[in-house]
Every structure is written in structure tokens, then in C-alpha cells.
Amino acid sequence: MLVHTVFFYLKSDLSGELREDFRRQVATLGEISTVSAFYLGTPAPVPPRPIIDATYDFGITCVFKDVAAHDAYQVDPVHKVFIDHCKDRWARVQIYDTQG
């Protein structure tokens, strides 16, 4: 199993409409056939602590059966369309891949 977690830090000057469109676009990644499970969210309203980074705008977690499924996701046309459509909207992206 491979867990692919991505945090998107959007540009601060994006309109609400562009942020909502980003949410719709990033949700399409869950439709890719090699994704076993998909979660999309925003920072949770938990009490702040020094070790919590709540500065991102959206986070996704994709679960894959194995590295091959992850690699297929990376070149899937849906993933490529998402990147092409949204890459100008983020200031930073942080990715964590874990294997279990």
C-alpha cells in the first residue's frame, strides 16, 4: 500500500470563485482508476498547537494498492489535466508518500 498526501498552499490573491473551482478540479483526482481511496479537505478546526501546520488551503490523500498504481496515477490524463488547469493557482505544494 502507498499513501500519497498532498498539501496545496494557494496564492493569497485568488478569488473565492477560483478557490471553489480548484476544489472541484482537485476532487476529480479521486476518479482515477488506480486510486483505492481518496480524501479531500481543508485544515480542521482543532485547537492550535506549535506542531500543527494549518496554513495550507486544501489537502488530499490518495491510497494506492502499490507503487505501480501510484505511478500510473501520475501519468493519468485526469491528473495531467488537473495540473495544467490549476498549476498557476498554487504558491506551494508539499507531498508526503508513505508505504505500508
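Quick look at the structure, then. The shown structure was predicted, so the numbers you read here are calculated from the model rather than taken from an experiment.

Basis of the calculations
Throughout, residues of each chain are indexed from 1 in the direction in which the sequence is written. Whole-chain, interface and lining totals are the exception, using all residues; otherwise, since this is a predicted model, local features are given only for residues with pLDDT of at least 70 and side-chain atom pairs are given and counted only at 80 or more. Water and hydrogen atoms play no part in the side-chain values, which are based on all heavy atoms of the structure. Planes of paired rings set the category: under 30 degrees apart is stacked, over 60 is edge-to-face and the rest tilted, where pairs are Phe, Tyr or Trp rings (Trp by its six-membered ring) whose centres lie within 6.5 Å. Helix and strand assignments follow DSSP, with helices taken as H or I runs no shorter than four residues and strands as E runs no shorter than two, numbered in order from the N terminus. Residue burial is assigned from relative accessible area. The probe radius is 1.4 Å, only protein chains are included, and a residue is buried under 20% of its type maximum, exposed over 50%, and partly exposed in between. Each reported salt bridge corresponds to a side-chain nitrogen of Lys or Arg within 4 Å of a carboxyl oxygen of Asp or Glu. Pairing between two strands requires that DSSP report at least two bridges joining them. Only the stretch in contact is used when fitting a helix axis, every axis being a line fitted to C-alpha atoms; angles between N-to-C directions are given from 0 to 180 degrees. Note on definitions: a residue-residue contact is assigned when non-hydrogen atoms from the two residues lie within 4.5 Å. Patch membership needs two things, relative accessible area over 30% and no salt bridge, and members are linked within 9 Å if like-charged or within 5 Å if nonpolar (Val, Leu, Ile, Met, Phe, Trp, Tyr). Note that accessible areas follow from Shrake-Rupley with a 1.4 Å probe, and for residues the cover is restricted to the protein chains shown. The cut-offs work like this: below 35 degrees is roughly parallel, past 145 is roughly antiparallel, 65 to 115 is roughly perpendicular, and the gaps in between are oblique. When residue character is reported, Ala, Val, Leu, Ile, Met, Phe, Trp, Tyr, Cys and Pro are called nonpolar, Asp, Glu, Lys and Arg charged, and the others, Gly included, polar.

1. Observations concerning the packing of aromatic side chains
Considering all chains together, one arrives at 11 aromatic pairs under this definition. Centroid distance Phe22 to Trp90: 6.4 Å. Interplanar angle 85°. Geometry classified as edge-to-face. With a gap of 68 residues between them, Phe22 in helix α1 (residues 16-27) and Trp90 in strand β4 (residues 90-99) connect regions that are remote in the sequence. As far as burial versus exposure is concerned, Phe22 and Trp90 are alike and both buried. The structure contains a cluster of three or more aromatic residues connected by ring pairs, namely Phe8, Phe22, Phe58, Phe82 and Trp90.

2. Looking at the pattern of salt bridges
One pass over the structure, following the stated rule, counts 3 salt bridges. Between Asp21 and Arg24 there is a salt bridge, with its nearest N and O atoms 3.5 Å apart. Separated by 3 residues within a single helix, Asp21 and Arg24 lie in helix α1, roughly one turn from each other. Taking the shortest distance from any N to any O, the salt bridge between Arg89 and Asp21 comes out at 2.8 Å.

3. Points about the sheet that holds strand β3 (residues 58-64)
The 4 strands lie next to each other as β2-β3-β1-β4, forming an open sheet whose pairing is antiparallel. Each edge of the sheet is formed by a strand with only one pairing partner; in this case those strands are β2 (35-41) and β4. Adjacent strand axes in the sheet meet at a mean angle of 15°, parallel and antiparallel pairs treated alike. In terms of strand pairing, β2 meets β3 through 6 bridges, oriented antiparallel. Looking at β3, one finds that Tyr39 is bridged to Thr61. Packed on one face of the sheet, α1 meets β1 (2-10), β2, β3 and β4 and runs near 165° to β2.

4. Looking at a nonpolar patch on the surface
Together, Val46, Ile51 and Ile52 give the surface a local cluster of nonpolar side chains, amounting to about 280 Å² of exposed area. The partly exposed category is assigned to Val46, whose relative accessible area is 45%.

5. Observations concerning the packing of helix α2 (residues 67-75) against helix α3 (residues 77-86)
Two elements in contact, α2 and α3, have axes whose closest approach is 5 Å; the angle formed by their N-to-C orientations is 50°. Put simply, α2 runs oblique to α3. Contacts between α2 and α3 involve Tyr73, Gln74 and Val75 from the first element and Pro77, His79 and Lys80 from the second. The residue makeup of the contact of α2 with α3, split by class, is 3 nonpolar, 2 polar and 1 charged.

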